[in-house]
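# Observations on the model geometry
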Amino acid sequence: MTRFLVGRLLLLVVGLLVASLIIFATLRILPGDVAQIVAGTQASPDQVDQLREQLGLDRPVVVQYLDWIGGLFRGDLGRSLVTDGPVAPEIVQKLGITLPLAGMSLVAALVIGVPLGVVAAVLRRRPGGAVIGFVAQAVAAVPIVWAGMLLVALFAVTLHWLPTQGFPLDGWSEPGRAFASLVLPALTIGAVEGAVILRFTRSATLSVLDADHVRTAAAIGLTRTQALIRHGLPSVALTVLAVLGVQIAGLLVGAVVVEQLFSLPGVGRMLVTDVGRRDITKVQSELLVLTGLVLLVGFAVDVVHRTLDPRQREVSG
């Protein structure tokens, strides 16, 4: 297990370094002069050159990258090219919205996907199971913007249960309003991602239903349902856990879109705004933070999966 943890930590570090290189290089090859955009269309060439030197954009690209990476190790994500403010405190503030949104979306996806996936497998030879499977395929194919608009039309416009836009100015100091403002966005992401989890859960449950240990449990006196719950669902849970590492990335990508749709001032909305302003220092740090979160979740899922799955411990031994 120690070897596994060390190896995964090394992969995590290497993954972050590779991601940082890709992000940094990609932003540098985008068309347009950042100094010209920041200075404005009325700025003279001398003013643009002066600003370029002030922002450090005239230095070699390798030096700019090393300065950025060196700052990351000190917890310094750089300063905004547009506002000259530090990037780290703003990202931390915005994560206070994006992370709860992602967490609520994950809970919604699991609540939707896991029980319905098990039911769809158990009822696979009945009309109910076919209907659940068809609906899951349809929902998984729906663009997340459409899903959000449909949920807004139902829960906000028709039923008047939930707010549709914005986040309280006082943030989480008003927990009730803050939580309510995230419910619809979380349901939007959770419905789409839950449909994907449902399909994986259904497939895993079907495999378990035909497994020898579940059949044996049913043969010695347990009902089919009891055998599935006692001896099958742990294996299904391991499969779902393995899928979550991939689905977390989908949750964060969905958050970028949903924060725009519901006017939530999170990291996703800030990222879109900063891309439009060509604030590359903030954009590269925001992208790296989001990438780091995905890699950290994948690392945690791998560790938990290896700890809970006795088959993997036997292989490592």
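A quick note: this is a predicted structure, and the numbers were derived from the prediction, not measured. (Residues numbered from 1 in each chain as written. Predicted model: local features only at pLDDT ≥ 70, side-chain atom pairs only at ≥ 80, totals over all residues. Heavy atoms only, no water.)

## Here we look at the overall build of the chain
- Tallying secondary structure elements over the chain gives 13 helices and zero strands in all.
- Reading the secondary structure of the chain in the N-to-C direction produces α-α-α-α-α-α-α-α-α-α-α-α-α.
- For the C-alpha atoms alone, the extent of the chain along its principal axes is close to 85 × 55 × 35 Å.
- Burial status across the chain gives 40% buried among its 317 residues.
- Residue pairs in contact within the chain that sit at least 24 positions apart in sequence constitute 72% of those at least 6 positions apart.
- Accessible surface for the chain amounts to roughly 16900 Å². Of this, 68% is attributable to carbon and sulfur atoms.
- Within the chain, the 21 negative side-chain charges are centred at a point lying 15 Å from the centre of the 24 positive side-chain charges. (Helix = DSSP H or I, 4+ residues; strand = E, 2+ residues; numbered from the N terminus. Buried < 20%, exposed > 50% of the residue type's maximum accessible area, 1.4 Å probe, protein only. Contact = heavy atoms within 4.5 Å. Areas by Shrake-Rupley, 256 points an atom, 1.4 Å probe, with all protein chains shown as cover. Lys, Arg positive; Asp, Glu negative; His and termini not counted. Charge placed at Lys NZ, Arg CZ, Asp CG, Glu CD.)

## What to know about the side chain of serine 20
- The residue serine 20 is located in helix α1 (residues 2–28) in this model.
- The exposure class assigned to serine 20 is buried, which follows from its relative accessible area of 1%.
- Within the local environment of serine 20, its side chain forms a polar contact with the side chain of tyrosine 65, the two groups lying 2.8 Å apart.
- Here serine 20 is in contact with Tyr65, Trp68, Ile69 and Leu288, once residues within four sequence places are set aside. (Polar contact = N/O pair within 3.5 Å; in protein donor to acceptor, adjacent residues only side chain to side chain.)

## Brief notes about the pattern of salt bridges
- Evaluated as defined, the whole model comprises seven salt bridges.
- Aspartate 67 serves as the salt-bridge partner of arginine 59, at 2.3 Å between the closest nitrogen and oxygen.
- We classify aspartate 67 as partly exposed; its relative accessible area is 39%.
- Note that glutamate 174 and arginine 177 form a salt bridge whose closest N and O atoms lie 3.0 Å from each other.
- Judged by its relative accessible area of 24%, glutamate 174 is partly exposed.
- Taken together, the salt bridges that share partners define one network made up of Glu90, Asp274, Arg277 and Lys282. (Salt bridge = Lys/Arg side-chain N within 4 Å of Asp/Glu carboxyl O.)

## Here we look at the packing of helix α10 (residues 224–261) against helix α11 (residues 267–277)
- Interhelical geometry of α10 versus α11 gives an angle of 80 degrees and a closest axis separation of 7 Å. Judged on the interaxial angle alone, α11 and α10 are roughly perpendicular. Across from Val256, Glu259 and Gln260 in α10, the residues of α11 making contact are Val267, Gly268, Arg269 and Val272.
- Among the residues making up the contact of α10 with α11, the classes are represented as three nonpolar, two polar and two charged. (Axes fitted to C-alpha atoms, helices over the stretch in contact; angles between N-to-C directions. Parallel < 35°, antiparallel > 145°, perpendicular 65-115°, else oblique. Nonpolar A, V, L, I, M, F, W, Y, C, P; charged D, E, K, R; others polar.)

## Digging into helix α6 (residues 127–141)
- Helix length check: α6, at 15 residues, gives a terminal C-alpha distance of 22 Å against a target of 21 Å (1.5 Å per residue), a fit within 8%.
- Those residues of α6 that fall on the buried side of the exposure criterion are Gly129, Ile132, Gly133 and Ala136. Angular distribution of buried residues about the axis of α6 spans 95 degrees; they occupy a single face of the element. Facing away from the buried surface of α6 by more than 90 degrees, the exposed residues are Pro127, Val131, Phe134 and Ala141.
- On its buried side, α6 packs onto α5 (87–122) and α8 (175–209). (Expected span 1.5 Å × (residues − 1). Arc of directions from axis to C-beta.)

## Let's talk about the confidence of the model for the chain
- For the chain, per-residue confidence averages 84 on the pLDDT scale, and residues scoring 70 or more make up 96% of the total.
- Confidence, read as mean pLDDT per element, is least for helix α13 (residues 310–316) in the chain (54) and greatest for α5 (91). (pLDDT = per-residue confidence, 0-100.)

## Details of helix α3 (residues 45–55)
- Residues Val48, Leu51 and Arg52 constitute the buried set of α3. Projected down its long axis, α3 shows its buried positions confined to an angular sector of 105 degrees, all on one face. The exposed set on the far side of α3, more than 90 degrees from its buried face, consists of Asp46, Gln50, Glu53 and Gln54.
- On the buried face of α3, the contacting elements are α2 (34–39).
- Trailing α3 by a residue or two, glycine 56 shows a phi angle of about 80 degrees, which is positive.

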